[in-house]
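# Observations on the model geometry
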Amino acid sequence: MSTDIAKATDLIKKQAEVIASVRNEVNKVLVGQEKLLDRMLIGLLTGGHILLEGVPGLAKTTAVKTMAEALGVEFHRISFTPDLLPADVIGTMIYNPKEGTFTPRKGPVFTNLLLADEINRAPAKVQSALLEAMQERQVTVGDNTYPLPSPFLVMATQNPIEQEGTYPLPEAQVDRFMLKCTVTHPSKDDERRIMNRFSRRESIEVNTVMSAEQIASASSVLDQVYCDEKVGDYILDIVFATRSPEAHKLDIGHQIEYGASPRATLYLNMTARANAMLHGRAYATPQDVKEVAHDVLRHRIILTYEAEAEEVTSEDIITKILNEIPVP
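So, a few notes on the structure that sits alongside this text. (Residues numbered from 1 in each chain as written. Predicted model: local features only at pLDDT ≥ 70, side-chain atom pairs only at ≥ 80, totals over all residues. Heavy atoms only, no water.)

### Observations regarding unusual backbone geometry
- For the peptide bond that leads from Ser 150 to Pro 151, omega is 0°, which places it in the cis range.
- Note on placement: Pro 151 falls in the loop between β7 (144-147) and β8 (153-158).
- Look at Arg 137: it is not a glycine, yet its phi comes out positive at around 55°.
- With respect to the helices, strands and loops of the structure, Arg 137 is situated in the loop between α5 (124-136) and β6 (138-141).
- The phi dihedral of Lys 249 falls on the positive side, at around 60°, and the residue is not glycine.
- Locating Lys 249 in the fold gives a position in the loop between α9 (229-243) and β11 (256-258). (Helix = DSSP H or I, 4+ residues; strand = E, 2+ residues; numbered from the N terminus.)

Written as structure tokens, this is what we have:
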């Protein structure tokens, strides 16, 4: 048994070194967004999609594009607008008058890393078309179904400030995103580094240090990261505390309309193990769970009107749960 653990540890450390090289390449361009980069790498390892919330100008597009360069995979960006159609995302059938036949023209969703810019600006049909592709990892154009490339990772952004002319994502669709990350402004020191690095027109070369095959290999190694039963119970306690807080002696029941879905349990387990792998460990700890809990849960807890009136956020509730639930 100890031999198996030692082998798994060596294998995971090797994968962590390759992932660290990706981090180093992206950090040539990205400044002060370590948490965002970690979450992108976790999404890559687990195959989970990410919803980014932040004001414009925080390098969300740059982060995804730079990571695609470091991975040597294809990158597409879709700017979502109110007049966008599902065919603009997934593709459509084009008529060839010479031959009298229809041929499929694949849309920009056929890529490895897809940036869905301001996803809440598009109507429900377009959002649904993209989210179906995310869930099924395939797209039907005409009578034919086409698998999406591997890896396939969607990073969708939405602006938390501007609400005019937007179509808020339904809760059932938001739940399909593994992580919801809030991107904040950099610190003064980080912003000084950004100013010094990018106020000149010098181009920064990003090298390809990982391939699609290596990503698939790293994802398969993730299954060997051990999650102890006590850590699993800790995950269940956190999720169930969002549904039945009274059972865990938490006085927040009047603030929660609906708790987290079973997807939250699965995603907490997967992301905690992926976080351990990023740090070169072959086992997940309660601290790994704590580090990813806010990103996994913040969009899965629906607040009551009472909580909104009291200006209580899902962040506050998650923090209280993490502070109160006993750590194994």
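### Details of the sheet that holds strand β2 (residues 75-79)
- With parallel pairing, 5 strands are arranged side by side in an open sheet as β2-β5-β8-β1-β9. The open sheet has two edge strands with one neighbour each: β2 and β9 (179-182). Across the sheet, the axes of successive neighbouring strands diverge by a mean angle of 20°, strand direction being ignored.
- Pairing between β2 and strand β5 (residues 113-117): 5 bridges, direction parallel. Looking across to β5, one finds that Ser 79 is bridged to Asp 117. (Pairing = 2+ DSSP bridges. Axes fitted to C-alpha atoms, helices over the stretch in contact; angles between N-to-C directions.)

### Examining the nonpolar core
- In terms of nonpolar packing, the biggest core is built from 73 residues, with Met 155 and Met 277 touching the most fellow members.
- In terms of residue count, the dominant contributor to this core is helix α10 (residues 262-278) (8 residues).
- Excluding anything up to four places from it in sequence, Met 277 contacts Ile 12, Gln 15, Ala 16, Ile 19, Leu 45, Ala 218, Val 221, Leu 222 and Val 225.
- Counting 28 residues, the second largest nonpolar core, distinct from the first, contains Val 109, Val 126, Val 139 and Tyr 146. (Core = buried A, V, L, I, M, F, W, Y, C linked by side-chain atoms within 4.5 Å. Buried < 20%, exposed > 50% of the residue type's maximum accessible area, 1.4 Å probe, protein only. Contact = heavy atoms within 4.5 Å.)

### Regarding the pattern of salt bridges
- Evaluation of the coordinates by the stated rule reveals 14 salt bridges.
- Ionic pairing is found between Lys 180 and Glu 53, a salt bridge with its closest N-O pair at 3.3 Å. Of the two residues, Lys 180 is situated in strand β9 and Glu 53 in strand β1 (residues 50-53); the sequence distance between them amounts to 127 residues. Exposure class is identical for Lys 180 and Glu 53. Each is buried.
- Salt-bridge contacts for Glu 315 lead to Arg 298; the nearest nitrogen and oxygen are separated by 2.4 Å. With Glu 315 in helix α13 (residues 314-324) and Arg 298 in the loop between α11 (286-297) and β13 (302-303), the pair connects residues that are 17 residues apart, well separated along the chain.
- Counted as one network, the salt bridges with shared partners bring together Arg 39, Asp 295, Arg 298 and Glu 315. (Salt bridge = Lys/Arg side-chain N within 4 Å of Asp/Glu carboxyl O.)

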